[in-house]
Amino acid sequence: MRGVIPHSILFIICLMAASSFSIEKSGEMVQSKKQKYLFLAFCLVPTFIMFSIFTLYPLFSGLYYSFFEMSGSSSNKEFIGFDNYIRLFNDDIILDTIIHDYFLVVTKVIGIMIMAMFFAVALTQLKIKEAPFYRIVFFFPNIMSVVVIGILWMFIYNPDLGLVNSGLAFLGLENLQRPWLGSETWALPSLVLPSIWAGIGLFMLMLMGGIANISKSYYEAAEIDGATQWQQFWRVTVPLVWPQIKISILYIVITTLNGSFIIVQVMTGGGPNNATHVMGSYLYQQAFVQFNFGYGATIGVMILVLSLITVMILQFLLRREKVDY
Amino acid sequence: MKKLAKGRLWFLLAAVLMLLFAAACSSGEEEASGTEDTSGGDSSGEASGGEEGGISGDLEIQYFVGGYGDSWWKEVIADFKEEYPEVNVIEHAGPNINEEMRSRWVSGDPPDVVYIDGAGSSETQMVEDGQLMNLTEWAQEIELENGDKLVDNFIVPPSDYEGEIYSLPLVFDAWGTWYDRAWFEEAGYEVPTDFESFMSSMQEIKEAEGIEPFVTSGQHPYYFLRGMLYPAFGAAGGDELLASLITGEEGAWSSDVVLETMQKVEQMASEGMIDSGLGSLNHTQSQMNFLLHDNAFIPVGFWLPNEMEADVPESFGEYGFIPSPMQDAGEPYAVVPDMRPLAIAENAENPEAAKAFVDFVFTRDYAMLFSEHTGAIMNVSGVDLTQNENVPAYLTEANAMINDPEQVQLYHKPHPMSADLETPIGNALLSLMLGNMTAEEFVEEAEAAAAQYRGN
């Protein structure tokens, strides 16, 4: 986080400066080449330095440490070549963590996209009077910290006092009651619900923005042609908001692969018996609980590689011609 | 034109504001990290005594604040400052202090004295990393207030790393099993004396109260490992078995003695004695369930009453403590002390002051004070707790019990188990407690974990 703030601020300053510059240019001043390059350097060099310090340096040092055996609690380290990578391939838990991560990716993408799409269409096209109110309600979880969400849902899932089990008891479904987060079978699926709940709002707003940009005339034309609401949705809405859908899916995938750590760490700590460990939480456990910092760095490299591959595959799968009616 | 100039002015203002904001952010961070150091300030001029061989300068002390609280530390440090007015004591303390100070240890700039306790700390790891000063020789020189040698008056001797001493055990804690004495007396439940009576007592409670009688923290399975299994292993195989299990010796975890012990755990699980919801409970939640009588037995160390002081519901009666009853009928209870040591950093900047402080702390007076403040025992023998009204009853009783070899046999582990071995074993253990694994499968997993640990 530390790196992100000055980074983005610099970027914003440059943008502002650039816009004021162009205003000036269109006014009267003619800009010399030297000035232009100076200005570009002024914008780019600090950003690049920041980027190098806060992004490239940690990236490469992570790669570097993955070749060492070190505890992470002292500066002692020993070069061990590819031993950590060999260990990675022989570690049974690693495969589980990858499966858990992609389970969360798939369920979250499906859950969030369906719900966000549904709410976005409902709030923009069904002419609901209370739309602004719902917009705030659905967006609300997004302004809460994931840690708070995790703790909140821990109470909801509490086996004795929680909303879920008491709700089931109220409905007379006692046989469905479970120690949700304490069960090796149910703990991971139980994490999906809070993750989806927390994610809908942002993507709903993105999709609403996309839908609002679609000209009403398309729907009118479709209606005259006798298209049903359903056909209008598939033939008009979806193709025209495809860029937003694509961005949303990519964003969910990336944030899940990098960030599902938080909700796992808060709600289950990876347990029971590794049943909910994702790559990030296992990295944390290895590096900071079991004091295998070098091995943790190796897991970090694996996360990077898997994220890159996943995003590339998704880019390929989600490519579509830009639609313009 | 005027409009344009005005626009530029606004941009400039915004940019300056942004920069100021960024600057404020960074300095804020520095401040925040500064506040964790509750600097002792200087107490020069106030002190009366202490011409102690010119010991001066900054002395940094790192101590974890958990179930025992920090009142004892505050008092001891205040006394130390009075004795050594030239020393400026800087305290680094709190429940997350091990994490907060990690970067200092990594960068080779550690505090001088460290009390090793709580999450994120590992004495074994610190020794392996060469972060602690070798105290083997110096420890022989430390004396208690009446001139007794400290090394001869420990209740439990220091951890032994191939014959060397790197830490001095400060707090003597013992894990055991807690119950509500008033509740048991009123309802006529049996206080277990061995595994058989433990099972029958739990059966009785289960039937009468309709609860699963035993609970522990599933998020931290080491509570069960240290609180129930170590005593069980001690009773079954003595110090030798404990040592071979903790060091992950080949064949130790798959031995018959271990399998028999694990079958007892399997029996507890299969007969429904273990809370089926424990998988998601952290330690305070499990302790709360115990206090609410959702369960009847819980394995925790001496710090339980102190830690839960503010949360005791009215329905809870009185704390009762027994060593964990995992041993076979006819045998004495087993206790495996759990030590929290004090150590000096290898790279301490002020080793003289650090030694002075460690020397200063180990006295019988402070041991008595420790029991008053924390309800636990400091690792110095010859402290008579029975005459002190401020020491809680459960502690004097437990202390008497522990000192009676007919009732309780003490077993010692060579050093704490490494997190690298404890984590996978804890995971398998949880699965066993949840009834998803058999004792045979557990033993197999544990042996594999030990093999992996030896290989690293």
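None of these values were measured; they are calculated from a predicted model.

**Student:** Residues and numbers for the packing of helix α11 (residues 242-267) of chain A against helix α13 (residues 293-317) of chain A, please.
**Tutor:** Residues and elements named next belong to chain A. Two elements in contact, α11 and α13, have axes separated by 10 Å at closest approach and are oriented at 165°. Considering the angle they form, α11 stands roughly antiparallel to α13. Remark: the crossing between α11 and α13 carries right-handed chirality. Contact with α11, carried on its side by Ile249, Leu250, Val253, Ile254, Leu257 and Asn258, involves Ile303, Leu306, Ser307, Thr310, Val311 and Leu314 of α13 and no other residues of that element.

**Student:** Could you give an account of helix α9 (residues 216-224) of chain A, with specific residues and numbers?
**Tutor:** Across the nine residues that make up α9 of chain A, only a small minority, zero, are buried. Looking one or two residues beyond α9 of chain A, the residue adopting positive phi is Gly226 of chain A, at roughly 90°.

**Student:** Help me get a handle on the pairing of strand β3 (residues 87-94) of chain B, residues and values and all.
**Tutor:** All names here are of chain B. Here strand β2 (residues 57-64) runs beside β3; their pairing, made up of eight bridges, is parallel. When the sheet's bridge partners are listed, Tyr63 is paired in β3 with Ala93. For the handedness criterion, the β-α-β arrangement of β2, helix α2 (residues 71-83) and β3 is classed as right-handed.

**Student:** Break down the environment of Phe293 of chain A for me, citing the residues and quoting the values.
**Tutor:** Residues and elements named next belong to chain A. Structurally, Phe293 is set in helix α13. The exposure class of Phe293 is buried, given the 22 C-beta atoms found within 10 Å. When sequence neighbours within four positions are dropped, the list of residues in contact with Phe293 reads Tyr65, Met70, Ser71, Gly72 and Ala287.

**Student:** A description of the sheet that holds strand β6 (residues 176-180) of chain B should follow, citing residues and the corresponding values.
**Tutor:** Residue and element names in this part refer to chain B. The strand order across the open sheet formed by three strands is β7-β6-β8, and the pairing between neighbours is antiparallel. Strand pairing shows two members of the sheet lacking a second neighbour, β7 (298-300) and β8 (319-322), which therefore form its edges. In this sheet, adjacent strand axes meet at a mean angle of 40° when their direction is disregarded. In this structure, β6 lies alongside β7, joined through three bridges in antiparallel fashion.

**Student:** Break down the environment of Ser66 of chain A for me, citing the residues and quoting the values.
**Tutor:** All names here are of chain A. Tracing the backbone through its elements, the reader meets Ser66 in the loop between α2 (33-65) and β1 (68-69). Classification of Ser66 as buried rests on a count of 22 C-beta atoms within 10 Å. Among residues more than four places away in sequence, those in contact with Ser66 are Asn84, Gly294, Ala297, Thr298 and Val301.

**Student:** So what's going on with the nonpolar core? Residues and values would help.
**Tutor:** Residues and elements named next belong to chain B. Within the largest apolar cluster, 128 residues are counted, with the highest numbers of intra-cluster contacts made by Ile344, Phe357, Val358, Met378, Leu429, Leu432 and Met433. Looking at which element gives the most residues to this core, the answer is helix α8 (residues 222-246), with 15 residues. Split by domain, this core shows at least three residues from each of two domains, domain 1 (2-170 + 340-395) and domain 2 (176-336 + 418-455). Apart from the residues within four sequence positions on either side, Leu429 is in contact with Pro221, Phe224, Leu225 and Phe442.

**Student:** Describe the domain arrangement of chain B, naming the residues involved and giving the relevant values.
**Tutor:** Residue and element names in this part refer to chain B. On domain assignment, one finds that chain B holds domain 1 (2-170 + 340-395) and domain 2 (176-336 + 418-455). On the domain 2 side, the residues contacting the 13 residues of domain 1 number 10 residues. Secondary-structure elements contributing two or more residues to the side of domain 1 that touches domain 2 are α5 (123-128) and α14 (393-402). Its residues assigned to classes, the side of domain 1 that touches domain 2 comprises five nonpolar, eight polar and no charged.

**Student:** An account of the domain arrangement of chain A is needed here, citing residue identities and associated values.
**Tutor:** Once the domains are mapped, chain A shows domain 1 (4-65) and domain 2 (91-318). The C-alpha-based centres of domain 1 of chain A and domain 2 of chain A are spaced at 34 Å.

**Student:** So what's going on with the confidence of the model for chain A? Which residues, and what values?
**Tutor:** Taken residue by residue, chain A gives an average pLDDT of 87. The fraction at 70 or more is 90%. Across residues 1-6 of chain A, confidence stays below pLDDT 50; counting only partners more than four residues off in sequence or on other chains, it has eight contacts.

**Student:** Just give me the short version of the packing of helix α15 (residues 419-433) of chain B against helix α16 (residues 439-455) of chain B, but keep the residues and values in it.
**Tutor:** All names here are of chain B. Close contact between α15 and α16 brings their axes to 9 Å; oriented N to C, the two are set at 170°. In this view, α15 runs roughly antiparallel relative to α16, as classed from their interaxial angle. Contacts from Asp420, Leu421, Pro424, Ile425, Ala428, Leu429 and Leu432 of α15 reach α16 at Ala439, Phe442, Glu445, Ala446, Ala449, Ala450 and Tyr453. Considering only residue class, the contact of α15 with α16 consists of 12 nonpolar, no polar and two charged.

**Student:** Help me get a handle on the pairing of β2 of chain B, residues and values and all.
**Tutor:** Each regular strand shows side chains that alternate between the opposite faces of the sheet. Residues and elements named next belong to chain B. With six of eight residues buried, β2 is to be regarded as a mostly interior element. As paired elements, β2 and strand β4 (residues 113-115) share three bridges and run parallel to each other. If you follow Gln62 over to β4, its bridge partner there is Val114.

**Student:** Could you give an account of the environment of Pro351 of chain B, naming the residues involved and the relevant values?
**Tutor:** All names here are of chain B. For Pro351, the position within the fold is in helix α12 (residues 351-361). Through-space distance from the C-alpha of Pro351 to that of Asp112 is 6.6 Å; in sequence the pair is 239 residues apart. Those residues in contact with Pro351 that sit more than four places away from it in its chain are Asp112, Met133 and Ile344.

Procedures and definitions
- Residues numbered from 1 in each chain as written.
- Chains lettered and ligands numbered in written order.
- Predicted model: local features only at pLDDT ≥ 70, side-chain atom pairs only at ≥ 80, totals over all residues.
- Axes fitted to C-alpha atoms, helices over the stretch in contact; angles between N-to-C directions.
- Helix = DSSP H or I, 4+ residues; strand = E, 2+ residues; numbered from the N terminus.
- Parallel < 35°, antiparallel > 145°, perpendicular 65-115°, else oblique.
- Left-handed = near helix turned anticlockwise from the far one by under 90°.
- Contact = placed C-beta atoms within 7 Å.
- Buried ≥ 20, exposed ≤ 12 C-beta atoms within 10 Å, placed from the backbone.
- Pairing = 2+ DSSP bridges.
- Right-handed = clockwise from strand over helix to strand, strands pointing away.
- Core = buried A, V, L, I, M, F, W, Y, C linked by C-beta atoms within 7 Å.
- Domains from an automatic or database assignment.
- Nonpolar A, V, L, I, M, F, W, Y, C, P; charged D, E, K, R; others polar.
- pLDDT = per-residue confidence, 0-100.

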